[in-house]
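# Close look at the chain arrangement
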Amino acid sequence: MVITDGADIASSPSPRLCVLKREEDESYGFNLRVEKGRQGHIVRNVVPGGVADRGGLRDGDRLLEINNRYTDDLPHSEVARMIKVSGHQMCLLVLDGEEYEKAVSRGQDIRGLTRDDKSFQPPRLCHITRDPASGLGISFTPLEGVKGQFSVSPVAGGAAEKAGVRKGDRLVWMDGAVVSDLTFSALTRMMKKCGNYITILVIDTESEKYYTQKRMPILPTMAVPYNLPYRARKLHLDSGPKGYGFLLRLEKVTSGRTYHVLREVDKGSPAEKAGMKDGELLLEVNGESVESLSHEEIVERVKQSGQQVTLTAISPLGLDFYTKLGLSPVLFYEGDAAAEKEKQSNVPASANSPQSPRNEMDALRKPRLYSLEKGPFGFGINLGCFPKGPGAVITQVTLGGPGQNAGLVVGDVVIEVNGQNVEEKYLEDVSLLMKKGGRSLSLLVMDGASHKKIKEAEAPSTDVTETEEEDDSYELTIL
């Protein structure tokens, strides 16, 4: 399905909305690339007759949004992750490649092309816990003459209202089931069987009209979470004299599936200081999913991180919760609650909030200094550039090479080369400095996330979103 808005194609580029839906064992059928000398996330290798082809994607298209979130200024790894957690259905807003390049050459605001009418509100994913006295505090009314559509009525002050449900909301989804496929009697039976908890996706009527007009599905991946009982957690660990202080074991959980489990967290260790809890399940290492990795490969990823690593974990109950809903466990992270409250109250977070800029800056990782000696095949690293500005980032670390042995990881931003600051130098100049050093190389680097936060803190206040670093040689096959 392809929707094109805008009457004057000649004067204004027209993004297209492509809705992609795949079956359980089906791939989306396209590659997403960031290519040297070109800007944006580029659609390539669209399989003829595949999901992407049927959805309207074309070779060379630039990806602007995924599920209503702007992506043109995001790192490629983050965009890839957003696609992976989308599940079996997602909405992509794309722009023809030639139109994109012409717009960039004219200095046109790419983000402005996506704004159209964004006065609508995102859907809300609300988890309701039964109150012993008043129950779930919610009722549904079928819309007269409209099949599969239901209006929501929460009890004032009841459990549903406290969980973010509002009077007049439209019910979209309940415990993983799309309600447009349900009759009122089937919905009633689901309510009776739900027990003490229920998770629903709702949206206000005006926003629903917008989605309907644009022929867009309303998906949980687009939602703001309310009252969810479990969240994945990011743990930032700095290695100590005895390592990180935990064990990683391969164990079977109650469902019968095998997972990598975090065990034996040493008291006072970096793992304990990061908040690790015994029995949590490992989901990601440095943002990379471990689902398809062997135990040995995960250990290798941690070793490649050097003295610092970021792990994503969730409790077994949390994994069961998201699995039953048919959602990715890394869709929502712990710590989103402050952002949710801010959205609801429109009041900035206090200076003492865990989300405050001062505390965020305190938590940033410090730059790391490495000394490398050139091997038979060089230093064992590749550099990429930031297309919209100076700077260099490590895009590849050769297995077993000097770079990996020293502790460099993909995504590290180069701060200094042989003692000379290169943050304002372009890739060619950085490469030249590295060559001048001969067989020895000294690199001061910082992980990409910390570098971005520091730059954002230093930048003057602006209404324009700052562009993040991009990898100019990274290719991802979307499965």
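Look a little higher up for the structure.
Counting from 1, residues in each chain are numbered in the order their sequence is written. For a predicted model such as this one, the threshold for reporting local features is a pLDDT of at least 70, and the threshold for listing and counting side-chain atom pairs is 80 or more; totals across whole chains, interfaces and linings nevertheless cover every residue. Side-chain calculation: all heavy atoms of the structure are included, whereas hydrogens and water are not.

### Thoughts on the overall build of the protein chain
Our working rule: Helix and strand assignments follow DSSP, with helices taken as H or I runs no shorter than four residues and strands as E runs no shorter than two, numbered in order from the N terminus. Three labels apply to residues, based on accessible area from a 1.4 Å probe with only protein chains included: buried if under 20% of the type maximum, exposed if over 50%, partly exposed otherwise in between. Computed with the Shrake-Rupley method and a 1.4 Å probe, the accessible areas treat only the protein chains shown as cover for residues.
Secondary structure summary: the protein chain contains 15 helices and 27 strands in total. For the protein chain, the proportion of its 479 residues judged to be buried stands at 47%. Summed over its atoms, the accessible surface of the protein chain is roughly 24500 Å², and 50% of this surface lies on carbon and sulfur atoms.

### Focus on helix H10 (residues 316–325)
Convention followed: Note: the arc covers the axis-to-C-beta directions of the helix.
Gly318, Leu319, Phe321, Tyr322 and Leu325 are the residues of H10 that are buried. Taken end-on, H10 shows its buried residues confined to a sector of 155 degrees, consistent with a single buried face. In H10, the exposed positions angled more than 90 degrees off the buried face are occupied by Leu317, Thr323 and Lys324. Phi for Gly326, located one or two positions after H10, is positive at around 75 degrees.

### Thoughts on the packing of aromatic side chains
Put simply, the rule reads: Stacked, tilted and edge-to-face are the three classes assigned to paired rings of Phe, Tyr and Trp, where Trp is represented by its six-membered ring and a pair needs centres within 6.5 Å; plane angles under 30 degrees give stacked, over 60 edge-to-face, the rest tilted.
Applying the stated criterion across every chain yields a total of four aromatic pairs. Ring geometry for Tyr210 versus Tyr211: centroids 6.3 Å apart, planes at 85 degrees, classification edge-to-face. Tyr211 shares its class with Tyr210; the two are buried. Relative to Tyr322, the ring of Phe321 has its centre 5.1 Å away and its plane inclined at 85 degrees; by these criteria the two rings are edge-to-face.

### Points about the pairing of strand S8 (residues 124–129)
Side chains on a regular strand alternate between the two faces of the sheet. Formally: What makes two strands pair is DSSP finding at least two bridges between them.
Most of S8 is tucked away, with five of its six residues classed as buried. Of the pairings in the sheet, the one linking S8 to strand S13 (residues 197–203) comprises six bridges and is antiparallel in character. Paired with Leu125 across the bridge in S13 is Leu201. Pairing of S8 with strand S14 (residues 224–226), which is carried by three bridges, proceeds in the parallel orientation. Considered in S14, the bridge of Cys126 is made with Tyr226.

### Considerations on the nonpolar core
Where a protein is soluble and globular, its nonpolar side chains tend to be buried together. The condition that has to hold: Nonpolar core, defined: a set of buried Ala, Val, Leu, Ile, Met, Phe, Trp, Tyr and Cys residues in which side-chain atoms within 4.5 Å join the residues together. By definition in these notes, contact holds between two residues if any of their heavy atoms fall within 4.5 Å.
The biggest cluster of nonpolar side chains holds 35 residues, and the ones touching the most others in it are Leu125, Trp173, Leu201, Tyr211, Tyr322 and Leu327. Elements with a minimum of two residues in this core: strand S2 (16–21), strand S7 (89–95), strand S11 (170–174), S13, helix H7 (205–214), strand S17 (258–263), strand S18 (281–285) and H10. Element by element, the count of residues in this core is highest for H10, at four residues. Each residue touching Tyr322, except ones within four places of it in the same chain, is listed here: Leu228, Tyr230, Arg231, Ile314, Leu327, Ser328, Pro329 and Phe332. Of all hydrophobic cores here, the second largest spans 24 residues; its members include Ala163, Leu182, Ile198 and Val224.

### Describing helix H6 (residues 184–193)
Along H6, the positions that sit buried rather than exposed are Ala186, Leu187 and Met191. All buried residues of H6 fall inside an arc of 145 degrees around its axis, so they share one side. Seen from the open side of H6, the exposed residues pointing more than 90 degrees away from its buried face are Lys192 and Lys193. On its buried face, H6 sits against strand S9 (138–142), strand S10 (150–154), S11 and S13. Count one or two residues on from H6 and you reach Gly195, which has phi positive near 75 degrees.

### Here's the deal with unusual backbone geometry
The phi torsion of most residues other than glycine is negative, and most of the peptide bonds are trans. Phi is positive for Asn45, close to 55 degrees, though the residue is something other than glycine. With respect to the helices and strands, the residue Asn45 is situated in the loop between strand S4 (42–44) and helix H1 (51–55). The phi angle at Asp175 is positive, at roughly 45 degrees, despite the residue not being glycine. As for its position among the elements, Asp175 is in the loop between S11 and strand S12 (177–178).

### Topic: the pattern of salt bridges
In a structure, side chains of opposite charge can pair up when their charged atoms sit close to one another. Note the following rule: Every case where a carboxyl oxygen of Asp or Glu lies within 4 Å of a side-chain nitrogen of Lys or Arg is listed as a salt bridge.
Evaluated as defined, the whole model comprises 21 salt bridges. In this structure, Arg38 engages Glu101 in a salt bridge whose closest nitrogen and oxygen atoms are separated by 2.8 Å. With Arg38 in the loop between strand S3 (30–33) and S4 and Glu101 in helix H3 (residues 97–105), this pair connects stretches of sequence that are 63 residues apart. Assessed through its relative accessible area of 35%, Glu101 is described here as partly exposed. Close ionic contact of Arg44 with Asp59 constitutes a salt bridge, the shortest N to O distance being 2.8 Å. Of this pair, Arg44 sits in strand S4 while Asp59 is found in the loop between H1 and strand S5 (62–66), placing the two residues 15 residues apart along the sequence.

### Structural notes on the state of the cysteines
Where we set the bar: We call a pair of cysteine sulfur atoms a disulfide whenever their separation is within 2.5 Å.
Under the criterion given, the structure shown has zero disulfides. Among the cysteines around Cys91, which has no disulfide bond, Cys18 carries the closest sulfur, lying 9.6 Å off.

### Side note on the side chain of Arg16
The condition is simple: Polar contacts, as counted here, are pairs of nitrogen or oxygen atoms within 3.5 Å of one another; within protein the pair requires one atom able to donate a hydrogen and one able to accept it, and residues that are adjacent in sequence qualify only if both atoms are side-chain atoms.
Following the sequence through the fold, Arg16 ends up in strand S2. A relative accessible area of 4% means that Arg16 is categorised as buried. Within the structure, Arg16 has its side chain in polar contact with the backbone oxygen of Gly56 (distance 3.0 Å).

Spatial relationships are all this shows, so hold off on functional conclusions.
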